[in-house]
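Architecture at a glance
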Amino acid sequence: DRRNAVEMNAVVEYLWSKSKPKELPAGRTGGNSAHGKELVESIGCFGCHAVGPIQEVATQSQIRRRHGYNLANQGSKVSLSWLYSWVKDPVKVWPDTKMPSLRLTDDEAADIAAYLSSMKNPEWEKKPLPELDSAALDVVTLEYLKVNSTDIEAREKLKAMDAQQKYLYAGERLISRYGCFGCHNIPGFERAQPI
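Just so it is clear, the model here is predicted, and its values are computed rather than measured. (Residues numbered from 1 in each chain as written. Predicted model: local features only at pLDDT ≥ 70, side-chain atom pairs only at ≥ 80, totals over all residues. Heavy atoms only, no water.)

1. A word on the state of the cysteines
Applying the stated criterion across every chain yields a total of 0 disulfides. Considering cysteine sulfurs only, C45 is the nearest to C48, which forms no disulfide, with 9.0 Å between them. Here C180 stays free of any disulfide, with the sulfur of C183 as its closest cysteine sulfur at 8.9 Å. (Disulfide = S-S within 2.5 Å.)

The structure is reproduced here in C-alpha cells:
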C-alpha cells in the first residue's frame, strides 16, 4: 500500500508539473437540478454515458454507455463551474474531445451542471489522502536510477535529490513503465511508442 501511494503521487506530481492551467469563464450557477436530470435522460447523454452501475440486460446492449465516463459522483470530482463549461462547450474545454456540442442554452447547461454537481459521494470525500512514505519513495526512485547507473552511482544520485525531484523522476519513469501515454496525451511522451 505504501508503494502504491508513492507511485500514484509520483505520477500525479509529474502530470501537474507538465500541465497548463486552462482559463475558463465562470460557469452559471442557480440551475434547476430536477430539470437537469430530465435533460440528461432525454437529450442523448445515455448514448455514451451511464449514471451509476450499468445493468446488463440480455435484450439490450449498453456497451455504448462505456464510451464516455460514468456521470455518477461528478459533484465530488469537479466543480459546478467546470461542469457548466464542459456541457455548454466541450471543445472550448478540451479541443480534442469526442464529446459533441449539445447546442444547449445557457439555462439548460446550468440545469445539467446543477444536476451533475448534486451527485456526490460523501464517503469518498471523507477518505483521507494516503500517507506518503519517504522510504518507499527512495526505494521506487532507486530502482529506476539503477537502470542506467551502478548501485553506487544510483545511491549518490538519490542522495542529491530532494523529495520533489524524486517524485518527478519516479513519475516520469512510472508513466513510461505503465505505458499511460498509449491512451493519454502526456507532455514529454509525444514521441513514445505505445506499449
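Structure shown, so let's carry the discussion forward.
2. Comments concerning the environment of A110
Examined against the element boundaries, A110 turns out to sit in helix α6 (residues 106-118). Judged by its relative accessible area of 2%, A110 is buried. Sequence separation between A110 and P100 is 10 residues; the distance between their C-alpha atoms is 17 Å. Beyond its immediate chain neighbours, meaning those up to four positions away, A110 contacts R28, G31 and Y84. (Helix = DSSP H or I, 4+ residues; strand = E, 2+ residues; numbered from the N terminus. Buried < 20%, exposed > 50% of the residue type's maximum accessible area, 1.4 Å probe, protein only. Contact = heavy atoms within 4.5 Å.)

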